[in-house]
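Structural features, examined
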Amino acid sequence: MSKIFEYNGSAIVAMVGKNCFAIASDRRLGVQLQTVATDFQRIYKIHDKLYIGLAGLATDAQTLHQRLVFRHNLYQLREERNMKPETFASLVSAVLYEKRFLFGPYFCQPVIAGLGEKDEPFICTMDSIGAKELAKDFVVGGTASESLYGACESMYKPNMEPDELFETISQALLASVDRDCLSGWGGHVIVVTPTEVTERKLKGRMD
């Protein structure tokens, strides 16, 4: 089972700052040790203050993203508002759980990050059948998750401003993917505050 999660390689991390959050991923798409692309998208926008990163099998991640966008659009039509991050996390959990028996689950590990009604950051991750894990500092996912835990543990500080948060999450990501041969080849970082979204691409080691 774990081999399927490692098939394409991935590294995703979300981190909380002072009334802001950052979510970052690597850009490598591989077939085991062979690199196929160096500009693969792993972080998807649900709305201006809510993002999801999908680690795991790339094809399942794309299918799951389409289903989640569809469900969120239905919610917007019916409720005439955007989904709160906590509500969206419950939706993702339910979608994953209902798929667990039908030809196997989606082989994905989602990382969800958003700003709530009072601009309080919310982050969470879950396994492939939707068991949620909430955190107040950072969450990680993908084949580089062990080294990401270590890097984030040593670099994270509470109440970081957006610029410091960007620097911290970028350094943690780049340091971690250097220790994982299935992820890397640059990074993609999004920092979200109540008033703006900053998106940057990182150049990393290309070997």
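Above this text you will find the structure in question.
Here goes a summary of the coordinates provided. (Residues numbered from 1 in each chain as written. Predicted model: local features only at pLDDT ≥ 70, side-chain atom pairs only at ≥ 80, totals over all residues. Heavy atoms only, no water.)

A few points about the sheet that holds strand E5 (residues 43-47)
Pairing within the open sheet is antiparallel, and its five strands lie in the order E5-E6-E7-E8-E9. Here the strands that pair on one side only, and so sit at the sheet edges, are E5 and strand E9 (132-135). Across the sheet, the mean angle separating the axes of adjacent strands is 20° when strand polarity is ignored. Taken together, the four bridges between E5 and strand E6 (residues 50-56) define a ladder with antiparallel strand orientation. Within E6, the position partnered with Tyr44 by the bridge is Ile52. Running at roughly 10° to strand E8 (residues 121-126), helix H3 (residues 85-98) makes contact with E5, E6, strand E7 (108-115), E8 and E9 of the sheet. (Pairing = 2+ DSSP bridges. Helix = DSSP H or I, 4+ residues; strand = E, 2+ residues; numbered from the N terminus. Axes fitted to C-alpha atoms, helices over the stretch in contact; angles between N-to-C directions. Contact = heavy atoms within 4.5 Å.)

Focus: the packing of aromatic side chains
Under the criterion given, the structure shown has three aromatic pairs. Among the aromatic residues, those joined into a ring-pair cluster are Phe138, Tyr149 and Tyr156. Positioned above the aromatic ring of Tyr106 is the side chain of Lys99, whose terminal nitrogen or guanidinium carbon lies 4.8 Å from the ring centre. (Phe/Tyr/Trp six-rings, centres within 6.5 Å; stacked < 30°, edge-to-face > 60°. Lys NZ or Arg CZ within 6 Å of the ring centre and 35° of its normal.)

Remarks on the sheet that holds strand E2 (residues 21-26)
Reading across from one edge, E10-E1-E2-E11-E12 is the order of the five strands in this open sheet, with antiparallel pairing throughout. Edge positions in the open sheet fall to strand E10 (138-142) and strand E12 (197-202), since each of these has one partner strand only. Recorded for the sheet is a direction-independent mean angle of 10° between the axes of neighbouring strands. In the packing of helix H4 (residues 145-155) onto the sheet, the strands contacted are strand E1 (11-16) and E10, and the crossing angle to E10 comes to about 160°.

Let's talk about a nonpolar patch on the surface
Among the surface-exposed residues, Tyr7, Val31 and Val36 lie close enough to one another that they form a single nonpolar patch of about 230 Å² accessible area. Turning to its location among the elements, Tyr7 is positioned in the loop between helix H1 (2-6) and E1. (Patch = residues over 30% accessible without salt bridge, like charges linked within 9 Å, V, L, I, M, F, W, Y side chains within 5 Å. Areas by Shrake-Rupley, 256 points an atom, 1.4 Å probe, with all protein chains shown as cover. Salt bridge = Lys/Arg side-chain N within 4 Å of Asp/Glu carboxyl O.)

Digging into the nonpolar core
For soluble globular proteins, nonpolar side chains are generally found buried alongside one another. With 38 residues, the main nonpolar core has Val13, Met15, Ile23 and Leu173 as its most contacted residues. Those elements giving two or more residues to this core turn out to be E1, E2, E6, E7, E10, H4, helix H5 (162-177) and strand E11 (187-192). Sequence-distant contacts of Leu173, that is, excluding residues within four places in its chain, are made with Ala11, Val13, Ala24, Ser25, Asp26, Leu148, Gly187 and Leu202. Listed in part, the 22 residues of the second largest apolar core include Leu96, Tyr106, Cys108 and Cys124. (Core = buried A, V, L, I, M, F, W, Y, C linked by side-chain atoms within 4.5 Å. Buried < 20%, exposed > 50% of the residue type's maximum accessible area, 1.4 Å probe, protein only.)

Re the side chain of Asp26
Mapped onto the elements, Asp26 comes out in strand E2. Separated by 2.8 Å, the side chains of Asp26 and Arg42 make a polar contact. At 3.1 Å, the side chain of Asp26 forms a polar contact with the backbone nitrogen of Gly184. Here Asp26 is in contact with Ser10, Ala11, Phe40, Arg42, Leu173, Val177, Ser183, Gly184, Gly186 and Gly187, once residues within four sequence places are set aside. (Polar contact = N/O pair within 3.5 Å; in protein donor to acceptor, adjacent residues only side chain to side chain.)

Description of the side chain of His72
Along the chain, His72 falls in helix H2 (residues 58-79). In contact with His72, other than residues within four places in its own chain, are Ile46, His47, Asn82 and Met83.

Observations regarding unusual backbone geometry
Of note in this structure, Glu80 is not a glycine but carries a positive phi near 60°. By secondary structure assignment, the location of Glu80 is in the loop between H2 and H3. The exposure class assigned to Glu80 is exposed, which follows from its relative accessible area of 72%.

That's the geometry; what it means functionally is another story.
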